[in-house]
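Summary of structural features
Each chain, written out:
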Amino acid sequence: MQEIKLLKDADVKGKRVLVRVDFNEPVKDGVVADDVRIKAVLPTIAYLREHGAASIILLTHLARPTSPQDPSGDLTPIRTALGALIDMQGIELHENLRFNPGEESNDPEFAKELAALGDVYVNDAFAASHREHASIVGVPKLLPSYAGLLMGREIAGLTPALTPPPGALAIIGGAKFETKLHLIQKLLSQYSELLLGGALGNDIIKARGLPFGASIVSHEPVPIDVAINDRLMPPMDAVVMSGPGAEREAIIVDIRAEERIIDIGPATSTLWAEKIAAAPFVLWNGPMGIYEEGYVDGTNVLAEALSKSPARAVVGGGDTIAALTKHSFDAQKVFVSTGGGAMLDFLAHGTLPGLEALRN
Ligand code: 3PG
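Below you will find a few notes about this structure. This structure is a prediction, so every number in the text was calculated from the model and none was measured. (Residues numbered from 1 in each chain as written. Predicted model: local features only at pLDDT ≥ 70, side-chain atom pairs only at ≥ 80, totals over all residues. Heavy atoms only, no water.)

1. Description of the sheet that holds strand β7 (residues 145-147)
The strand order β5-β4-β1-β6-β7 describes an open sheet built from five strands, whose pairing is parallel. Looking at which strands have only one partner, the edges of the open sheet turn out to be β5 (91-93) and β7. This sheet shows a mean twist of 25° between the axes of neighbouring strands, independent of strand direction. Alignment of strand β1 (residues 16-20) against strand β4 (residues 55-59), held across five bridges, turns out to be parallel. Following the sheet pairing, Arg16 is matched in β4 by Ser55. (Pairing = 2+ DSSP bridges. Helix = DSSP H or I, 4+ residues; strand = E, 2+ residues; numbered from the N terminus. Axes fitted to C-alpha atoms, helices over the stretch in contact; angles between N-to-C directions.)

The following block contains the structure:
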């Protein structure tokens, strides 16, 4: 199999360099609320400048706009945040790729249009490299293509999670069990324990015949061998809500039909924090509660435990990182990925479409 070419092997002197980045950052009231993905690409930009690139054309998507008029896709906040971090001389931020439907449909014509803008292509968009979109898998067919410095950092940081040591602990939150089934099966074969929070935990509670009330669950049933796997642990208690302001803590067997689980409960967070403190290695992606609605306590307890734990760790997903970065932690021990879905797909398959495209 052909090796992935790295930026250090590229001749960029005097060239127009197209860099696919992932600046899909949260924007609130027209302002970038978290610029971690923008900052993560700065070393690649600096490298290209130092090595004499004639110009740098940054390609990104933002959100899932329905048309070029959809304000959610407006790159102005991104341009402002980038401009506050670096001198934009010689750098162009191309319009939101998703304004063109050819991006998501991986239209070869759109890939051609993009490729015509540069002489060399660099993929530094780890967080979007699970998408088979024109800018990720189409353009590298047309130009000499390389993995950027962030891409290299992500692969090096995530690879230890593919071969965890004995006693390793995995924690996965969020929703859509069916899209994570392959990963969950893989983790169950490699990790000593897998803790499932968020809607994924609800699916296991349901599959084990326990009451789940009106909680969010997937439509697809969980395969029985997964549901009964004793390495897999859903919460044993939860914060539940039956209506606005009507919240209580309940052990799982006591959840009523009208109640929905909004977070893991205190007994669960205490037990899981102890497991984090004792594990040699922790992999964590995804919140434990409905984070976007403000149910952040369970996630925060685990984040604090991880920040104090001697464990080596790999962490990803926007909400998980937001919780972790409220605490000071040892960046030598904890690798923080810029990827959410891309991190999960990389762990499930050991590669991503965007990486494979760089082997051409
Ligand atoms: C992400 O934030 O996970 C990536 O930018 C991909 O975004 P998408 O889920 O809208 O494709």
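On we go from here.
2. As for the site of the ligand
Every residue close to the ligand is listed here: Asp22, Asn24, Arg37, His61, Arg64, Arg98, Ala127, His130 and Arg131. Asn24 has a polar side-chain atom sitting 3.0 Å from an oxygen atom of the ligand. Between an oxygen atom of the ligand and a side-chain N or O atom of Arg64, the distance comes to 2.7 Å. About the coverage of the ligand: the protein hides 85% of its 310 Å² of free accessible area. Of the residues belonging to the shell around the ligand, the class tally is one nonpolar, three polar and five charged. (Near = heavy atom within 4 Å. Polar contact = N/O pair within 3.5 Å; in protein donor to acceptor, adjacent residues only side chain to side chain. Areas by Shrake-Rupley, 256 points an atom, 1.4 Å probe, with all protein chains shown as cover. Nonpolar A, V, L, I, M, F, W, Y, C, P; charged D, E, K, R; others polar.)

3. With respect to the packing of aromatic side chains
The full count for this structure, using the stated rule, is two aromatic pairs. Relative to Phe346, the ring of Phe126 has its centre 6.3 Å away and its plane inclined at 70°; by these criteria the two rings are edge-to-face. With Phe126 in the loop between β6 (120-123) and α5 (134-138) and Phe346 in helix α13 (residues 341-349), this residue pair connects regions lying 220 residues apart in the sequence. Considered together, Phe126 and Phe346 belong to a single accessibility category, that of buried residues. Here Tyr191 and Phe281 contribute two aromatic rings whose centre-to-centre distance is 6.5 Å and whose plane-to-plane angle is 45°, an arrangement assigned as tilted. Pair noted here: Tyr191 is in the loop between α7 (177-190) and β9 (193-196) and Phe281 is in strand β14 (residues 281-285), with a separation of 90 residues, a long-range link. Here Tyr191 matches Phe281 in class, with each residue buried. (Phe/Tyr/Trp six-rings, centres within 6.5 Å; stacked < 30°, edge-to-face > 60°. Buried < 20%, exposed > 50% of the residue type's maximum accessible area, 1.4 Å probe, protein only.)

4. Structural notes on the sheet that holds strand β10 (residues 232-233)
Taken in spatial order, the six strands make up an open sheet running β10-β9-β8-β14-β15-β16, and their pairing is parallel. Both edges of this open sheet fall to β10 and β16 (334-336), since each of them pairs with a single strand only. Against the sheet, α7 engages β8 (169-172), β9, β10 and β14, with an angle of about 155° to β9. (Contact = heavy atoms within 4.5 Å.)

5. Structural notes on the layout of surface pockets
Vacant regions in the atomic arrangement are exposed by a probe of water-molecule size rolled over the atoms. Looking at the second largest pocket, its volume works out to about 280 Å³. If you go around the second largest pocket, you meet 16 residues; those closest to its centre are Val36, Ala40, Arg153, Val336 and Thr338. Residue assignment for the lining of the second largest pocket shows that the elements contributing at least two residues are α1 (36-50), α6 (149-158) and β16. Element by element, the count of residues in the lining of the second largest pocket is highest for α1, at four residues. (1 Å grid on protein atoms, 1.4 Å probe; cavity = no way out; pocket = protein on both sides within 12 Å on 5 of 7 lines; lining within 4 Å. Points joined across faces, edges and corners; volume = space filled by probe spheres on them.)

6. Some words on the nonpolar core
Ranked by size, the top nonpolar core spans 48 residues in total, and within it Leu196 and Leu283 carry the most contacts. Ranked by the residues each element gives to this core, the list is headed by α13, at six residues. In this structure, Leu196 is in contact with Ile172, Phe177, Ile184, Gly201, Ile204, Leu232, Met233, Pro234, Pro235 and Trp272, ignoring residues within four places of it in sequence. Within the second largest apolar cluster, 29 residues are counted, among which are Ile38, Leu42, Ile56 and Leu93. (Core = buried A, V, L, I, M, F, W, Y, C linked by side-chain atoms within 4.5 Å.)

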